[in-house]
Amino acid sequence: MRIDVFTIFPEMLRQFAGHSLVSRAIRNELLDLRLHDPRGHTSDAHRSVDDSPFGGGAGMVMMPGPIFDAVEAADSPRPLYLLGPGGRRFDQDLARELAQGEGFSLLCGRYEGIDERVHEHLVEEELSIGDYVLSGGEVAAMVVIEAVSRLVPGMMGNAESATEESFSSGLIEYPQYTRPAVFRGWHVPAVLRSGDHALVERWRLAMSLARTIERRPDLIERRRGLSDEDLALLREFDLLGGPEGLATEELGDTEP
Ligand code: SAM
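This paragraph deals with the sheet that holds strand E5 (residues 80-89). Strand order in the open sheet made by the five strands is E2-E1-E6-E5-E7, with parallel pairing throughout. At either end of the open sheet lies a strand with only one pairing partner, and these are strand E2 (32-36) and strand E7 (125-128). On average, each strand axis in the sheet is inclined to that of its neighbour by 35 degrees, with strand direction left out of account. Seen against the sheet, helix H3 (residues 64-74) touches strand E1 (2-6), E2, E5 and strand E6 (103-108) and runs at an angle of roughly 160 degrees to E1.

Next comes the structure, spelled out in structure tokens:
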């Protein structure tokens, strides 16, 4: 997978690319991350990439010239997404879709934004990572790169991890526990230490359902509500009223 990023702060992305899963993916040649600085396509002594807005108003606007030149010189993979708060919301479905392709490009804005002709004539789409305003698109680019790259086949150590995570089945994830079995008097649910794998699987799905109903009812609506099987599962673990109290049922105190 090749990802090209256009940014006037390439160092931010370089730092990010030197860590964790993304750096491993680059080392293993699963990810080809290329950074391009529009400042390299300026001709004045100050290497200016911004100017004041036509019509007046606060702040500066990124000029189209250096951005068009940088994109055209890079011959970067398409689609090219402009990161911006007014764009389509980036989510796990889009991350999955992008992970199946061969690559894409990201354009990071700064200042008050980017000349509208970039929106109209250079990029395919605008992507937002949420309803808040960042000072620049670099952090948003890192969010997109990290979410997509961990779904690229071969990227994660445990191939199953990505398929069981939040959103993979339209639900948020069940609670996870590790040792000790009792920590400060708080017990791990007995079902997880029962050794009954089928029961553990049903409990996890029931907890995912209950948590999603409680925290993200919009995701349940997107699945067109609860099926008869979902309701039976919730009933089996007495979760029709929500996930509270579940972690304290049938407690044992000894670590297996
Ligand atoms: N004036 C713009 C507005 O009101 O929509 C905000 C510009 S913001 C200060 C500067 C840059 O940060 C944007 O061009 C964009 O690249 C990036 N940015 C800010 N918020 C973002 C978000 N929620 N998602 C993605 N990118 C964002």
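Okay, the packing of helix H8 (residues 197-215) against helix H10 (residues 228-236) next. Axis separation between H8 and H10 bottoms out at 9 Å; the angle between their running directions is 105 degrees. Between H8 and H10, the angle is such that the two are roughly perpendicular. On H10, the residues touching Leu 199, Arg 202, Leu 205, Ala 206, Leu 209, Ala 210 and Ile 213 of H8 are Asp 230, Leu 233, Leu 234 and Glu 236. Of the residues contributing to the contact of H8 with H10, the split by class is eight nonpolar, no polar and three charged.

Once that is clear, we can look at the packing of aromatic side chains. The geometry of an aromatic ring pair is captured by the separation of the ring centres together with the interplanar angle, meaning the angle of the planes. Applying the stated rule across the entire model yields two aromatic pairs. Measuring from centroid to centroid gives 6.4 Å for Tyr 81 and Phe 104, while their planes differ by 65 degrees, and the two rings are edge-to-face. Of the two residues, Tyr 81 is situated in strand E5 and Phe 104 in strand E6; the sequence distance between them amounts to 23 residues. Its relative accessible area of 5% is what places Tyr 81 among the buried residues.

This part takes up the nonpolar core. Nonpolar side chains tend toward joint burial in soluble globular proteins. The biggest cluster of nonpolar side chains holds 32 residues, and the ones touching the most others in it are Ile 3, Phe 90, Phe 104, Leu 106 and Val 148. Of all the elements in the fold, those that place two or more residues in this core are E1, helix H1 (10-17), helix H2 (20-27), E5, helix H4 (92-100), E6 and helix H6 (138-149). Setting aside residues up to four positions removed in sequence, Phe 104 forms contacts with Met 1, Arg 2, Ile 3, Asp 4, Pro 77, Arg 78, Pro 79, Tyr 81, Leu 98, Val 144 and Val 148. Counting residues in hydrophobic clusters, the runner-up holds 16 residues, among them Phe 6, Phe 68, Leu 122 and Val 123.

Let us now look at the site of the ligand. If you check the shell around the ligand, you find 19 residues, and the closest are Leu 83, Gly 109, Glu 112, Tyr 132 and Leu 134. Gly 84 has a polar backbone atom sitting 3.3 Å from a nitrogen atom of the ligand. Isolated, the ligand exposes 580 Å² of accessible area, and the fraction of that covered by the protein chains is 80%. Of all the elements, E5 adds the most residues to the shell around the ligand, at three residues. Of the residues contributing to the shell around the ligand, the split by class is nine nonpolar, eight polar and two charged.

Before going further, it helps to spend a moment on the domain arrangement of the protein chain. On domain assignment, one finds that the protein chain holds domain 1 (2-149) and domain 2 (182-252). Just the C-alpha atoms count here: the centres of domain 1 and domain 2 sit 40 Å apart.

The final tally for this structure, using the stated rule, is 14 salt bridges. Across the pair Arg 2 and Asp 4 runs a salt bridge whose closest N-O atoms are separated by 2.8 Å. Two residues, Arg 202 and Glu 236, come together in a salt bridge whose shortest N-O distance is 2.7 Å. Of this pair, Arg 202 sits in helix H8 while Glu 236 sits in helix H10, placing them 34 residues apart in sequence. Under the relative-accessibility criterion, Arg 202 is labelled partly exposed at 33%. On the basis of relative accessibility, which here comes to 38%, the residue Glu 236 falls in the partly exposed class. A single salt-bridge network, built from bridges that share partners, covers Asp 93, Arg 96 and Arg 222.

Scoring rules and cut-offs
Residues numbered from 1 in each chain as written. Predicted model: local features only at pLDDT ≥ 70, side-chain atom pairs only at ≥ 80, totals over all residues. Heavy atoms only, no water. Pairing = 2+ DSSP bridges. Helix = DSSP H or I, 4+ residues; strand = E, 2+ residues; numbered from the N terminus. Axes fitted to C-alpha atoms, helices over the stretch in contact; angles between N-to-C directions. Contact = heavy atoms within 4.5 Å. Parallel < 35°, antiparallel > 145°, perpendicular 65-115°, else oblique. Nonpolar A, V, L, I, M, F, W, Y, C, P; charged D, E, K, R; others polar. Phe/Tyr/Trp six-rings, centres within 6.5 Å; stacked < 30°, edge-to-face > 60°. Buried < 20%, exposed > 50% of the residue type's maximum accessible area, 1.4 Å probe, protein only. Core = buried A, V, L, I, M, F, W, Y, C linked by side-chain atoms within 4.5 Å. Near = heavy atom within 4 Å. Polar contact = N/O pair within 3.5 Å; in protein donor to acceptor, adjacent residues only side chain to side chain. Areas by Shrake-Rupley, 256 points an atom, 1.4 Å probe, with all protein chains shown as cover. Domains from an automatic or database assignment. Salt bridge = Lys/Arg side-chain N within 4 Å of Asp/Glu carboxyl O.

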